[in-house]
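As a plain string of letters, each chain reads:
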Amino acid sequence: MTTQDSGAVIPLLQMRLHALNDLALTLKHIHWNVVGPHFIAVHEMIDPQVEQVRAMADDLAERISTLGGEPHGTPGALVSDRTWNDYSIGRAEAIEHLGALDLVYTSVIEEHRAAMKATDEPDPVTQDMLIEQLRGLELFQWFVRAHLESGGGRLSTAGASTERKAAAQAAEQARGRP
């Protein structure tokens, strides 16, 4: 791999590292702030996701180092470099958090896919790692969406463009269920 190629890949990986560090913190925030009748199911579903997302972040940081870069994992670097806002839901019902989390996962997955495509030519090793991470991230989103879909496959968060809107839509659909 050329220095020029690794120089192009490292910034992509740094943003993915920021996204996964942010996701791990967001998942813990949800874990601590979920309430309601489905509390325990969501509370216990989240911790394994946190562990695996942290492992993904570690893999990205080590890949950045392998390519000759310096991974930045401090909160200040994350906040300074990120292009998204903080998670916007505080203490809330499980279904509301899951609705908002669905949008978080969609964003992380879309950006991971873009990085995967961008590494196809210059760095297939990194691309392979991103593909494996996508497998886990998409599985976690499927776990979340299982709570948000109707029997007919309608996603309660469909069309929502903000976490608060997704949370409200998920709560509204849940009110109509037993």
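Rules behind the numbers
Residues numbered from 1 in each chain as written. Predicted model: local features only at pLDDT ≥ 70, side-chain atom pairs only at ≥ 80, totals over all residues. Heavy atoms only, no water. Helix = DSSP H or I, 4+ residues; strand = E, 2+ residues; numbered from the N terminus. Rg over C-alpha atoms; globule rule 2.2 N^0.38 Å. Areas by Shrake-Rupley, 256 points an atom, 1.4 Å probe, with all protein chains shown as cover. Lys, Arg positive; Asp, Glu negative; His and termini not counted. Charge placed at Lys NZ, Arg CZ, Asp CG, Glu CD. Phe/Tyr/Trp six-rings, centres within 6.5 Å; stacked < 30°, edge-to-face > 60°. Buried < 20%, exposed > 50% of the residue type's maximum accessible area, 1.4 Å probe, protein only.

Participant: When you look at the overall build of the protein chain in this model, what are you seeing that I'm missing?
Facilitator: If you tally the helices and strands in the protein chain, you get six helices and two strands. Shown N-terminal to C-terminal, the secondary structure of the protein chain runs as helices and strands in the order α-β-α-α-β-α-α-α. Radius of gyration (C-alpha) of the protein chain: 17 Å, near the 16 Å computed for a compact globule of 178 residues. Seen through its principal axes, the protein chain has C-alpha atoms that stretch 60 × 35 × 25 Å. With the model as given, the accessible surface of the protein chain reaches about 9,300 Å², and the carbon-plus-sulfur share is 53%. Each charge sign in the protein chain was given a centre, from 15 positive and 25 negative side chains, and these centres are 8 Å apart.

Participant: Explain the packing of aromatic side chains to me, please; I cannot follow it from the model alone.
Facilitator: One pass over the full model with this rule turns up three aromatic pairs. Look at Tyr-105 and Phe-140: their rings are 6.4 Å apart centre to centre, the planes differ by 50 degrees, and that puts the pair in the tilted class. Placement of Tyr-105 in helix α4 (residues 94–118) and of Phe-140 in helix α5 (residues 124–145) is noted, with a sequence separation of 35 residues between them. This pair shows no difference in class: Tyr-105 is buried, exactly as Phe-140 is.

Taken by themselves, the reported measurements are silent on function.
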